[in-house]
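# Analysis of the macromolecular model
Okay, here's what each chain looks like letter by letter:
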Amino acid sequence: MENNNKKVEQLKQFTAKDEGQPLTTDHGLKLTNDEHSLTIGERGPTIMEDFHFREKMTHFDHERIPERVVHARGSGAHGVFESYGDASDITMAHFLGEKGRQTPVFVRFSTVAGSRGSAETVRDVRGFATKFYTEEGNYDLVGNNIPVFFIQDAIKFPDFVHAVKPEPHNEIPQAQSAHDTFWDFVVSNEETAHMTMWHMSDRAIPKSFRTMEGFGVNTFRFVNANGEAHFVKFHWKPVFGAHSLVWDEAQKIAGKDPDFNRRDLFDNIEAGNYPEYELAVQLIPQEDEFKFDFDILDPTKIWPEELIPLRKLGKMTLNRNTDNFFAETEQIAFHVGHVVPGIDFSNDPLLQGRLFSYTDTQLIRLGGPNFHELPINRPVCPFHNNQRDGYGRMTINKGRVAYGKNSLQNNTPHVVTQNEGGYAHYQEKIEGRKVRARSLSFEDHYSQARQFWLSQTDVEKQHIINAFSFELGKVETIEIRKATVDMFARVDRAMAEQIAQNIGVTPPDESIQQVEDQQPSDAVSILKNQVPYLKTKKVGIIVDTNSNLEELVTPLEKEGVVVELISDKQGRIGQREIDHTLETASPVLYDGLIVAATFEGVVPNRKVQTFADEIFNHYKALGYVSVESMDKDYANAPGVVTGATEFVEALKKGRHFDRTDATG
Ligand code: HDD
């Protein structure tokens, strides 16, 4: 697959291999010494003449660039998108125009609020940005793992981001929404209600980038060759389904392995377990714009899948890690305005503002207007125009003409017609007054928030209550806690009452009206759509020299499960290396655990017990080699088993939320 990946081929021209080469300056001069500055005498001062010192130090002094103002913490991979068929009935986009057509892609997943070095398993929205390197230019689908947004108009984005980021006086807390300014923003801006419900749900703690959905969020437009238009919403569906962490586990992973999500992505691609996602769209014909009881341009609304079904367009496979994180993942520059013929915008006011922000931010982040020339950002098709100069310009544009129209160059580079592949904006007829106002059709902030609530399983509902209680429990201003409870009583009174009890504020006022019941949408629940799987799950087995490794490991590895051996000391047992000690491993990093050893002394055994407790409390598969070895407290609990076959089944199922006495 890699052989015909044009992007990979293109990147090769810019790739350097330093191994085995003599050390030189940036200008190619070979060096004889890289450990001592040039000084006067062995104990004297360093002299200006030391060009090597100056070059090395100057480069180092300048090697940081501003992190992304949001989505600073992220991780990326290369891959390929393959079209399932010919979608030319709905869009002219060439990359969707033929069954089997392949397009190179680069995807960057991210958290939103944290800095570049922050932990990954925090409660947050995840970014899911895809660059398609198509024959017609780069197309960027810059989405999130939650299908709605906190605000309706881009002009509020700086306010929202200031509220969720660490508070400005002391830069605390990092990568958290559990603080006063975030919740003050929520209660002061009711349009946040729907997304806040998603944010309090398990969607905001995905288990891995491989197991989360993606959404374009904004409403876009598809246009076909006849000029017929559909409003469109984009979805990515992971082939393994969506899976989340539980909150206690997520917090502990943030300490035990702050790189948990990027490590999972990287390791699986290295191992050949390529993550796959299907691209699907929801379509509303242009003429049906006003047929729904929500405004289809409002980014705080979903289009329920039961009402507007998904049409699958193709599959993306991530099959190659980056060679260099900075050059590729850090320097990739996404922009919702990077479109190809057949894909156009709607008047969604959030999208309209985004169309300004993305190029603008790259100018400071990547240092000028030539960021499109960076290898990772270059289209794989030719590009020609009269843009010139600026910091770091790489292309050597020949000739004396850098303007249009011209006669000296036969008026080239020249524009082309739509039939020749030129982009023509959809000619929507618009009339109106210049106003600063929001349409009344954007005013219902609660119906879909209630729909989300009603669509959840009982377990998911409990997690939402727990999340609200945790977050608000960290809010110092009692009035904000109380205002939140009142606001969310409109979504569900009983839910708000429970939260109020947990956080020590008075129940919502009687006068507050809960909104009308809505038809649930099962598609928005994670647990109603569980896909059981085994391949790539990770199991820890606590072993000692007496353990029968064959019997324990083989049934799991046969299913593609990744097994790690844990013991009180490192070393070998038979042919196998012990991967971790009880110190370097942690139960929160595994999908399941088998206890197949007891050790001498109280301390290691207490550690084993902690492993088992954590696995149990996080509802994960827990195996014992025999009934005798089983902790009697766990006997008969769902997903606690003896025997290899039973363990494989328990692992495949996922979390055992029917384990009522777990505490996660
Ligand atoms: Fe944004 C980055 C997704 C609203 C302004 N955004 C960024 C990234 C993702 C999203 C995934 C990271 C891209 C990467 O990996 O490099 N943003 C969204 C979604 C939104 C959204 C799904 C709601 C529909 N964003 C949004 C608004 C604005 C921005 C309303 C401003 C008007 N977003 C930016 C930005 C960033 C960005 C400041 C920071 C880094 C970057 O663009 O390249 O321009």
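Since the structure is predicted, the reported quantities are computational estimates derived from the model, not experimental observations. (Residues numbered from 1 in each chain as written. Predicted model: local features only at pLDDT ≥ 70, side-chain atom pairs only at ≥ 80, totals over all residues. Heavy atoms only, no water.)

A lone protein donor binds the iron atom of the ligand: Tyr358 (OH), at 1.9 Å. Here Tyr358 lies in helix H9 (residues 349–365). (Donors = N, O, S within 2.8 Å, 3.2 Å for Na, K, Ca; no water. Helix = DSSP H or I, 4+ residues; strand = E, 2+ residues; numbered from the N terminus.)

Turning our attention to helix H3 (residues 157–164). Buried residues of H3: Phe160, Val161, Ala163 and Val164, and no others. Looking straight down H3, one finds its buried side chains confined to an arc of 160°; they lie on one side. Check the buried side of H3 and you find it contacts helix H4 (180–188). (Buried < 20%, exposed > 50% of the residue type's maximum accessible area, 1.4 Å probe, protein only. Arc of directions from axis to C-beta. Contact = heavy atoms within 4.5 Å.)

Before going further, it helps to examine the domain arrangement of the chain. As assigned here, the chain comprises domain 1 (38–373), domain 2 (446–528) and domain 3 (532–653). Averaged C-alpha coordinates put domain 2 and domain 3 at centres separated by 37 Å. (Domains from an automatic or database assignment.)

Core analysis: the largest hydrophobic core is formed by 52 residues, its most contacted members being Trp183, Met197, Phe468, Phe488 and Met495. Both of domain 1 (38–373) and domain 2 (446–528) provide at least three residues apiece to this core. Ignoring any residue separated from it by four or fewer positions in sequence, one finds Met197 in contact with Ala449, Phe452, Trp453, Ile464, Phe468, Phe488, Val491 and Met495. Core analysis: the second largest hydrophobic core is formed by 45 residues, Leu11, Tyr139, Val142 and Phe334 among them. (Core = buried A, V, L, I, M, F, W, Y, C linked by side-chain atoms within 4.5 Å.)

A few words on the UniProt feature "active site" (unreviewed entry) in the chain. Under the present numbering, the feature "active site" (unreviewed entry) in UniProt falls on His71 and Asn144. Spanning 74 residues, the named residues form one tight spatial group whose C-alpha atoms are at most 10.4 Å apart. Those annotated residues that line the second largest pocket are His71 and Asn144. Looking at the secondary structure, you find His71 in the loop between helix H2 (51–61) and strand S1 (74–83). The residue Asn144 is located in strand S4 (residues 137–144) in this model. Every residue in contact with Asn144, bar those within four places of it in the chain, is listed here: His71, Val125, Arg126, Gly127, Phe128, Phe149, Glu213, Gly214, Phe215 and Val217. (UniProt positions renumbered as here; feature names shortened; annotations may be inferred. 1 Å grid on protein atoms, 1.4 Å probe; cavity = no way out; pocket = protein on both sides within 12 Å on 5 of 7 lines; lining within 4 Å.)

Another aspect to go through is the packing of H3 against H4. Where H3 meets H4, the closest approach of the two axes is 6 Å, and the angle between their N-to-C directions is 140°. Relative to H4, H3 is oriented oblique. Contacts from Asp159, Phe160, Ala163 and Val164 in H3 reach Thr181, Phe182 and Phe185 in H4. Its residues assigned to classes, the contact of H3 with H4 comprises 5 nonpolar, 1 polar and 1 charged. (Axes fitted to C-alpha atoms, helices over the stretch in contact; angles between N-to-C directions. Parallel < 35°, antiparallel > 145°, perpendicular 65-115°, else oblique. Nonpolar A, V, L, I, M, F, W, Y, C, P; charged D, E, K, R; others polar.)

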